[in-house]
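Listed here are the chains, written in short residue letters.
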Amino acid sequence: MATALTIGTFFYVANRMQARPNRIQTAVETAYVAMRDNIAGGNMDKRMAAKWFPFIAALFLFIWFSNMIGYLPLPTNTEHKVDVFGLEIPSFALYAATANLSVPLVLTLVVWVAYHVEGFRAKGFIGFFRGLVPPGVQGPAKFPIFVIELISDFVRVVSLSVRLFANILAGHLLILFMGGGLVVLLNLGFAGSLVLGLVTAPLAVAFFLFEVGLVATLQAFIFSTLTAIYLGGAVSDEH
C-alpha cells in the first residue's frame, strides 16, 4: 500500500502541474522545495543533490505513507480472526510496516550500500577508507581512530534502522497500552475497568494524535536527512 501510494503520488503530482497553482499544488511545491533544498541540497553538492533527489523524495514518501498507514485500523491481526459468513477474516488492528524491523533494515542496507558505492567512485576504495581518519591526525593515533571510525560506519546500519523501528513500535505500544491494554492486564472488573478507562482513553487519543501529527513525519524526515548526509559525506573532501 505504501509503495502504491508513493508511486501514485508522483504520477498524480507530475500530471497536474499548472501555471497558476491551486492549494494542493502549493502544498506539493512546498514539500518539494523542502525535500530538494533542505534535505538533499542542504547536505550534498548540486550534482549529487540532482542525482539523488528522486531517491531521497521516494524514501521520504514511502516511510511517511508506511507510518501513516500504521495508524489506520486495518484487518491485519491474523492471530485473532472473525467469522464472516464462513470466511475467517483477520480482525482489525494497528500495524505499520516500519514497526517491523525487517523493513527499516532493508531500507538502511540500500542506503549503506549506495553511499559506499558513491564514495568508492569518487575517491577509490583505498581513498575512501583513508578519508575515515580526520585530517591532522598523525603517528600511532591513526590506527585506533581508523578502527573507531570503521566501527561507527557499520553501526550506522543499526542506528538508522533501529531509530525508525523503535520510535514507530513504541508509539503503537503506547496507544495499545492506554487504549485498553492496561485495563486487560490489571483485570479490575467492570467498575474498576470503567474508571481506569475514563482516565486512559483520553491519553490514548492524545498519544494517537501526537504520533500522527508529529512522529510519523519526523521519522521520515530524519531517515531521509541522514541518508542525504551519508551520501554527501561519502564524496566530500573533508570526509
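For the structure, check the block above.
Residues numbered from 1 in each chain as written. Predicted model: local features only at pLDDT ≥ 70, side-chain atom pairs only at ≥ 80, totals over all residues. Heavy atoms only, no water.

Draft legend 1. Inspection of helix α3 (residues 46-69) at higher detail. Spanning 24 residues, α3 covers 33 Å between terminal C-alpha atoms, matching the ideal 34 Å at 1.5 Å per step. Remark: the principal bend of α3, roughly 50°, maps to Trp52, with a proline, Pro54, within the next four residues. Its side-chain oxygen placed 3.3 Å from the backbone nitrogen of Arg47, Asp45 serves as the N-cap of α3. (Helix = DSSP H or I, 4+ residues; strand = E, 2+ residues; numbered from the N terminus. Expected span 1.5 Å × (residues − 1). Bend = angle between axes of the 7 residues up to and from the residue. Polar contact = N/O pair within 3.5 Å; in protein donor to acceptor, adjacent residues only side chain to side chain.)

Draft legend 2. Molecular detail of empty space enclosed by the protein. This model, assessed by the stated rule, comprises 1 cavity of 30 Å³ or more. Approximately 30 Å³ is the volume attributed to the largest cavity. Around the largest cavity, the lining residues are Leu160, Arg163, Leu164, Gln219, Ile222, Phe223 and Leu226. Broken down by secondary-structure element, the contributors of at least two residues to the lining of the largest cavity are α6 (142-186) and α7 (189-235). Counting residues per element, the lining of the largest cavity draws most heavily on α7, which supplies 4 residues. Across the lining of the largest cavity, the residue classes break down as 5 nonpolar, 1 polar and 1 charged. (1 Å grid on protein atoms, 1.4 Å probe; cavity = no way out; pocket = protein on both sides within 12 Å on 5 of 7 lines; lining within 4 Å. Points joined across faces, edges and corners; volume = space filled by probe spheres on them. Nonpolar A, V, L, I, M, F, W, Y, C, P; charged D, E, K, R; others polar.)

Draft legend 3. Examining the pattern of salt bridges more closely. Overall, the coordinates contain 4 salt bridges when judged by the stated rule. Ionic pairing is found between Lys51 and Glu118, a salt bridge with its closest N-O pair at 2.6 Å. Of this pair, Lys51 sits in helix α3 while Glu118 sits in helix α4 (residues 102-123), placing them 67 residues apart in sequence. Judged by relative accessible area, Glu118 falls into the buried class, the value being 4%. A salt bridge links Arg156 to Asp153, with the shortest nitrogen-to-oxygen separation between them at 3.9 Å. Remark: Asp153 and Arg156 occur in helix α6; sequence separation between them is 3 residues, near one turn of the helix. Linked through salt bridges whose partners overlap, the residues forming this network are Lys51, Glu118 and Arg121. (Salt bridge = Lys/Arg side-chain N within 4 Å of Asp/Glu carboxyl O. Buried < 20%, exposed > 50% of the residue type's maximum accessible area, 1.4 Å probe, protein only.)

Draft legend 4. Layout of the nonpolar core. Counting residues in hydrophobic clusters, the biggest one holds 44 residues, and the most contacted among them are Met44, Ile63, Val111, Tyr115, Ile168, Phe223 and Leu231. At the level of secondary structure, the elements contributing two or more residues to this core comprise α2 (23-40), α3, α4, α5 (125-130), α6 and α7. Counting residues per element, this core draws most heavily on α3, at 13 residues. Beyond its immediate sequence surroundings of up to four residues, Leu231 is in contact with Met44, Met48, Trp52, Ile56, Ala114, Tyr115 and Glu118. (Core = buried A, V, L, I, M, F, W, Y, C linked by side-chain atoms within 4.5 Å. Contact = heavy atoms within 4.5 Å.)

Draft legend 5. Structural view of the packing of α3 against α4. Closest axis-to-axis distance for the α3/α4 pair is 12 Å, and the angle between their directions is 175°. Considering the angle they form, α3 stands roughly antiparallel to α4. Contacts between α3 and α4 pair Met48, Lys51, Trp52, Phe55, Leu59, Phe62 and Ile63 from the former with Val103, Leu107, Val110, Val111, Ala114, Glu118 and Arg121 from the latter. Among the residues forming the contact of α3 with α4, the class breakdown is 11 nonpolar, no polar and 3 charged. (Axes fitted to C-alpha atoms, helices over the stretch in contact; angles between N-to-C directions. Parallel < 35°, antiparallel > 145°, perpendicular 65-115°, else oblique.)

Draft legend 6. How the structure looks around the packing of aromatic side chains. All told, the structure shown has 11 aromatic pairs when counted by the stated rule. Ring geometry for Tyr71 and Phe208: centres 6.0 Å apart, planes at 85°, overall edge-to-face. Separated by 137 residues along the polypeptide, Tyr71 in the loop between α3 and β1 (74-84) and Phe208 in helix α7 bring together distant segments of the chain. Residue class for Tyr71 comes out buried when judged on its relative accessible area of 2%. A centroid spacing of 5.2 Å and a plane angle of 45° characterise the contact between Phe120 and Phe125, whose relative ring orientation is tilted. Phe120 gets classed as partly exposed once you look at its relative accessible area, which sits at 26%. Judged by its relative accessible area of 55%, Phe125 is exposed. One aromatic cluster in this structure is built from Phe120, Phe125, Phe128 and Phe129. (Phe/Tyr/Trp six-rings, centres within 6.5 Å; stacked < 30°, edge-to-face > 60°.)

Draft legend 7. Spatial organisation of the packing of α6 against α7. Contact geometry of α6 with α7 gives a least axis separation of 8 Å together with a crossing angle of 170°. Taken together, α6 and α7 sit at an angle that is classed as roughly antiparallel.

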